Amino acid sequence: MDIPWSQIATFSTAGLSAVAAVGAWRAAHRSASTAHTIAAIERARRLEERRPQIECSLDEPWTDGQATLKVDLIGPDSLGHLDALSVRVDNDDSERILLTPGGGVTQADYDAHIWGPFRFSPGINDSDAEGRNTAEFPMTVGRGRPFAMERTRPGHWMTGKTYDSWQNDYRNEPVRLVITCRLGEDTWVLSRQIPNPPE
């Protein structure tokens, strides 16, 4: 059966229109995807350029194990300030799981205990009751804030472990800090390790 040329032309025009529509959709989709990728790259670049420059120092402790941690926001100047900054004392690298509960110790005790040489003095400078975290506070570039710290002690369940032997275990271990900074929708999480000062 012969198909008239007019119908063939109509089919061809319709087919070309469909192909063109699909091509236009693909191009628009690629363009939107590219724009999204470029925006994400630009946001990451901007976030990195404004990454807070934090310096931390710990003075030599007094005879009772008390010390002062100084946290300074030294830059970048373009950052201006932070809406919120908080500091958390981190544990050493060991993972501790309570295998045999009992004897007045729980996994919660293990998790709350600070496995390192220093903690914040509980309840001082807006730190929590365990000496693990500070409250959030605003910070301006070029300013700093001191925090009272104290040497940690063995857990109440560590029978036979003295303060001196506990601290001796951490003699060469750094004080580990995790600092969370926030400005608007931007958030940075920074880690710092400070040498454990001699007693």
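All values reported here derive from a predicted model rather than from experimental measurement.

## Things to note about the overall build of the protein
- Along the backbone of the protein there are 3 helices and 8 strands.
- Listed by position from the N terminus, the elements making up the protein come as α-β-β-β-α-β-β-β-α-β-β.
- Here the protein, with 199 residues, has 33% of them falling under the buried criterion.
- Intrachain contacts of the protein at a sequence separation of at least 6 include 64% that bridge at least 24 residues.

## Some words on the nonpolar core
- Ile54, Leu58, Leu69, Leu82, Leu85, Met149 and Cys181 are the most contacted members of the largest nonpolar core, which totals 27 residues.
- When contributions to this core are tallied by element, the ones reaching two or more residues are β1 (53–58), β2 (66–75), β3 (81–89), β4 (118–120), β5 (137–140), β6 (143–151), β7 (175–183) and β8 (186–194).
- In terms of residues, this core owes the most to one element, β7, which gives 5 residues.
- Of all hydrophobic cores here, the second largest spans 8 residues; its members include Leu98, Trp115, Trp157 and Tyr170.

## Considering unusual backbone geometry
- Cis geometry is found at the peptide bond from Gly75 to Pro76, where omega equals -5 degrees.
- Its place among the elements puts Pro76 in the loop between β2 and β3.
- Residues other than glycine seldom take positive phi values, yet Asn125 does so here, at roughly 55 degrees.
- Structurally, the position occupied by Asn125 is in the loop between β4 and β5.
- The backbone phi angle of Asp126 is positive, close to 60 degrees, even though this residue is not glycine.

## What to know about the sheet that holds β1
- Strand order in the open sheet formed by 4 strands is β1-β2-β6-β4, and the pairing between neighbours is antiparallel. Two strands in the sheet have a free side with no partner beyond their single neighbour: β1 and β4. Ignoring strand direction, the axes of neighbouring strands in this sheet form an average angle of 35 degrees.
- Pairing geometry for β1 and β2, over 6 bridges, is antiparallel. If you follow Cys56 over to β2, its bridge partner there is Val71.

## A word on the pattern of salt bridges
- A complete count under the given rule lists 13 salt bridges for this structure.
- Of the charged contacts in the structure, one is a salt bridge between Arg176 and Asp93, with a shortest N-O distance of 2.8 Å. Here Arg176, found in strand β7, pairs with Asp93, found in the loop between β3 and α2 (107–112); they are 83 residues apart in sequence, far enough to count as distant.
- Among the salt bridges present, the one from Glu136 reaches Arg182, with a minimum N-O distance of 3.2 Å.

## Considering the environment of Lys70
- Inspection of the secondary structure assignment puts Lys70 in strand β2.
- Lys70 sits in the partly exposed class, given a relative accessible area of 32%.
- Residues Lys70 and Ala148 lie 78 residues apart in sequence; the distance between their C-alpha atoms is 9.0 Å.
- Apart from residues lying up to four places away in sequence, Lys70 is in contact with Glu55, Cys56, Ser57, Gly144, Arg145 and Pro146.

## Here we look at the state of the cysteines
- Counted according to the given criterion, the structure contains 0 disulfides.
- Sulfur of Cys56: no disulfide; nearest cysteine sulfur belongs to Cys181 and is 9.5 Å away.
- Residue classification places Cys181 among the buried residues on the basis of a relative accessible area of 0%.

## Thoughts on the packing of aromatic side chains
- Here the structure, examined in full by the defined rule, presents 6 aromatic pairs.
- Between Trp115 and Trp166 the ring centres are 5.9 Å apart and the planes differ by 55 degrees, which places this aromatic pair in the tilted class. Separated by 51 residues along the polypeptide, Trp115 in the loop between α2 and β4 and Trp166 in helix α3 (residues 163–169) bring together distant segments of the chain. There is no split in this pair, since Trp115 and Trp166 are both buried.
- Among the aromatic side chains, those forming a connected cluster through ring pairs are Tyr110, Trp115, Trp157, Trp166 and Tyr170.
- Of note, Arg145 hangs over the ring of Phe137, and the distance from its end group to the ring centre comes to 4.4 Å.

Criteria and thresholds
- Residues numbered from 1 in each chain as written.
- Predicted model: local features only at pLDDT ≥ 70, side-chain atom pairs only at ≥ 80, totals over all residues.
- Heavy atoms only, no water.
- Helix = DSSP H or I, 4+ residues; strand = E, 2+ residues; numbered from the N terminus.
- Buried < 20%, exposed > 50% of the residue type's maximum accessible area, 1.4 Å probe, protein only.
- Contact = heavy atoms within 4.5 Å.
- Core = buried A, V, L, I, M, F, W, Y, C linked by side-chain atoms within 4.5 Å.
- Pairing = 2+ DSSP bridges.
- Axes fitted to C-alpha atoms, helices over the stretch in contact; angles between N-to-C directions.
- Salt bridge = Lys/Arg side-chain N within 4 Å of Asp/Glu carboxyl O.
- Disulfide = S-S within 2.5 Å.
- Phe/Tyr/Trp six-rings, centres within 6.5 Å; stacked < 30°, edge-to-face > 60°.
- Lys NZ or Arg CZ within 6 Å of the ring centre and 35° of its normal.

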